[in-house]
Amino acid sequence: MDALRLSLPLLASPLFPARPVARATKTALAIEIVNPLTDPTWDSDVARHPAATSFHTSAWARVLHTTYQHRPSYLRATRDGELIGLFPLMEVETTFTPRRGICLPFSDYCGPLLFRSDAASEVIDAAIRLGRQRQWRYLQIRDSSVPGNGSPASAIYYGHELDLRDGPEAVFARFASSVQRAIRKAERSEVEVEISQEAAAMREFVSLHHQTRRRHGVPPQPDGFFSAIQEQMLQSGGGFIAIARRRSQPLAAAVFFRSGKQATYKFAASDRNSQELRANNLVIWRAIEHLASSDVQRLH
């Protein structure tokens, strides 16, 4: 089990009563509500935590705010000048859904970054207080390491992590023989993969993405969402697009995010009519090669 989606109800409810106030035994946390779009120190604080991901950065906050106008309500917790926790939160409200706080929408997994594990309950309580002030229906946390205050997880997900520390050759040797054969077939078929951060590559990905979403019977995300990703994240080194072509024809592509020594395989799309060329396999493999050769240790 990799991640829980924990939804804590915030409005008055016998299932979630207010906590009794305990006698203070140490200095209370100082909670600051910050806007990562304008706060110059948010990213440097995030970078201090070993579990920080691309989803915790101000660039991802900018993508969400630019595309969907979600309201950032990020929390910074300190005690006596010591950084205790960072809690990214977006206030989300649509015509058909109630106002709620999410950490974070459109993010595969994201939770508060705690520098002191014994302060977890205090940091979450601060978010709950904020939610009640803003009249959120619930607070959703997409992480498995956060105590749930007695509320059961609303959803459970599995994730896969690939250790890249031994280098690309060792990773390739661990692949199933069928995967290795698929990669070799794509190479023999003259499929070539480009690693790019450019807008033109993103446009090619979006075209394949539209095809893939139609095939699955679901609407695509707005084109502006991917434009914002390219402008706010990829262009500044926060990820890349791996795109496979044969004779200049795009066959498959995937979008990867990178933060420090961690990377996330975020989106993928392909041309169904070219699947026999195994371009998808080569896209993932070339991305793994690129990451493993760039000092990235883990691919989620």
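Our subject is the structure listed above.
Being a predicted model, the structure only gives us computed values, none of them experimental.

**Overview of the side chain of T57**
Residue placement: T57 occurs in the loop between helix 1 (42-47) and helix 2 (58-68). Residue T57 is classed as buried on the basis of its relative accessible area, which comes to 16%.

**Some thoughts on the sheet that holds strand 16 (residues 298-299)**
In space, the 6 strands of this open sheet follow the order 11-16-15-14-13-12, with mixed pairing throughout. Two strands bound the open sheet, and with one partner strand each, they are strand 11 (162-163) and strand 12 (192-196). Both strand 15 (residues 262-270) and strand 16 contribute to a ladder of 2 bridges, which runs parallel. For Q262, the partnering residue across the bridge sits in strand 16 and is R298. Strands strand 12, strand 13 (239-246), strand 14 (249-259) and strand 15 of the sheet are contacted by helix 6 (residues 199-216), whose axis makes an angle of about 65° with strand 15.

**Re the layout of surface pockets**
If you add up the space inside the second largest pocket, you get close to 450 Å³. Along the walls of the second largest pocket sit 23 residues, with G159, H160, Y265, L299 and H300 positioned nearest its centre. Among the elements of the structure, helix 5 (177-188), strand 15 and helix 8 (279-292) are those that each provide at least two residues to the lining of the second largest pocket. Considering each element in turn, the lining of the second largest pocket owes the most residues, 5 residues, to helix 8. Considered class by class, the residues forming the lining of the second largest pocket number 14 nonpolar, 6 polar and 3 charged.

**Details of the pattern of salt bridges**
Taken as a whole, this structure holds 21 salt bridges when the rule is applied. Between E93 and R99 there is a salt bridge; the shortest N-O distance is 3.3 Å. A salt bridge links E187 to R184; its shortest N-O distance comes to 3.1 Å. Here E187 and its partner R184 are both found in helix 5, 3 residues apart, which amounts to about one turn of the helix. Through salt bridges with shared partners, one network takes in E32, D39, D45, R48 and R76.

**Comments concerning the sheet that holds strand 2 (residues 30-34)**
The strand order across the open sheet formed by 4 strands is 2-4-5-8, and the pairing between neighbours is antiparallel. With one partner strand each, in any of the chains shown, strand 2 and strand 8 (113-114) form the two edges of the open sheet.

**Quick look at helix 6**
One turn of an α-helix holds 3.6 residues; hence residues three or four places apart share an orientation. When the terminal C-alpha atoms of helix 6 are compared, their 25 Å separation across 18 residues agrees well with the 26 Å that a helix rising 1.5 Å per residue should span. Along helix 6, the positions that sit buried rather than exposed are A201, M202, F205, V206, L208, H209 and T212. Turning to helix 6, the residues buried within the fold contact strand 12, helix 7 (223-232), strand 13, strand 14 and strand 15. Remark: G217 follows helix 6 within two positions and exhibits a positive phi of approximately 75°.

**With respect to the nonpolar core**
With 55 residues, the main nonpolar core has W60, F205 and I229 as its most contacted residues. With 6 residues, helix 3 (residues 120-133) is the largest single contributor of residues to this core. Setting aside residues no more than four positions away along its own chain, I229 makes contact with W60, V63, M202, L234, F257 and F267. Core analysis: the second largest hydrophobic core is formed by 27 residues, L164, F172, L282 and L291 among them.

**Concerning the pairing of strand 7 (residues 100-103)**
Side chains of strand 7 alternate between two faces, with R100 and I102 and G101 and C103 buried alike. Two strands pair when backbone bridges link them, and strand 6 (residues 90-92) and strand 7 are joined in this way by 3 bridges, in the antiparallel orientation. Counterpart to M90 in the pairing with strand 7 is I102.

**Remarks on the packing of helix 5 against helix 8**
Following both chains from N to C, one finds helix 5 and helix 8 inclined at 100°, their axes separated by 8 Å at the closest point. The angle between helix 5 and helix 8 places the two elements in the roughly perpendicular class. Between helix 5, through V179, A182, I183, A186 and E187, and helix 8, the contact on the second element is made entirely by N281, L282, W285 and R286. Looking at the contact of helix 5 with helix 8 residue by residue, the class counts come to 6 nonpolar, 1 polar and 2 charged.

**Notes on the packing of aromatic side chains**
Per the stated rule, a full pass over the model turns up 18 aromatic pairs. Between F226 and F267, the aromatic rings sit 5.2 Å apart at their centres with planes inclined by 75°, giving edge-to-face as the arrangement. Linking F226 in helix 7 with F267 in strand 15, this pair joins segments that are 41 residues apart in sequence. Comparing F226 with F267 shows no difference in burial state: the two are buried. Across from the ring centre of F115, 5.7 Å away, lies the NZ or CZ of R48, which sits over that ring.

**Description of helix 7**
Of the residues making up helix 7, those classed as buried are F225, F226, A228, I229 and Q230. Next to the buried residues of helix 7 lie helix 2, helix 6, strand 14 and strand 15.

Rules behind the numbers
Every chain is numbered independently, its residues counted from 1 as its sequence is written. Predicted model: local features are reported for residues with pLDDT of at least 70 only, side-chain atom pairs are reported and counted for 80 or more only, and whole-chain, interface and lining totals are derived from all residues. Each side-chain value is derived from all of the structure's non-hydrogen atoms; neither hydrogens nor water enter the calculation. Every helix listed is a DSSP run of H or I at least four residues long, and every strand listed is a run of E at least two residues long, numbered separately from the N terminus. Exposure categories follow from relative accessible area, calculated using a 1.4 Å probe and restricted to protein chains: below 20% of the type maximum is buried, above 50% is exposed, and the middle band is partly exposed. At least two bridges found by DSSP between two strands is the condition for calling them paired. Working rule for contacts: check all heavy atoms of both residues, and any pair within 4.5 Å makes them a contact. A fitted line through C-alpha atoms serves as each axis, taken over the contacting stretch for helices, and the angle formed by two N-to-C directions is quoted from 0 to 180°. For cavity detection a 1 Å grid was placed over the protein atoms alone, and a set of points counts as a cavity when a 1.4 Å probe fits there but cannot get out; an open set counts as a pocket when protein lies on both sides within 12 Å along at least five of seven lines, with lining residues being those that have an atom within 4 Å of a point. Grid points are joined across faces, edges and corners, and a volume is the space filled by probe spheres set on the points. Under the scheme applied here, ten amino acids are nonpolar (Ala, Val, Leu, Ile, Met, Phe, Trp, Tyr, Cys and Pro), four are charged (Asp, Glu, Lys and Arg), and all others, including Gly, are polar. Salt bridges are identified by distance alone: a Lys or Arg side-chain nitrogen within 4 Å of an Asp or Glu carboxyl oxygen. For a helix, the expected span equals 1.5 Å multiplied by the number of residues minus one. Think of a nonpolar core as a cluster: buried Ala, Val, Leu, Ile, Met, Phe, Trp, Tyr and Cys residues, connected wherever their side-chain atoms sit within 4.5 Å. Roughly parallel means an angle under 35 degrees; roughly antiparallel means over 145; roughly perpendicular covers 65 to 115; every other angle is labelled oblique. Centres within 6.5 Å make a pair out of two Phe, Tyr or Trp rings, where for Trp the six-membered ring is used; the pair is then stacked when the planes are under 30 degrees apart, edge-to-face when over 60, and tilted otherwise. Two conditions define a charge sitting above a ring: the NZ of Lys or the CZ of Arg must be within 6 Å of the ring centre, and it must be within 35 degrees of the ring normal.

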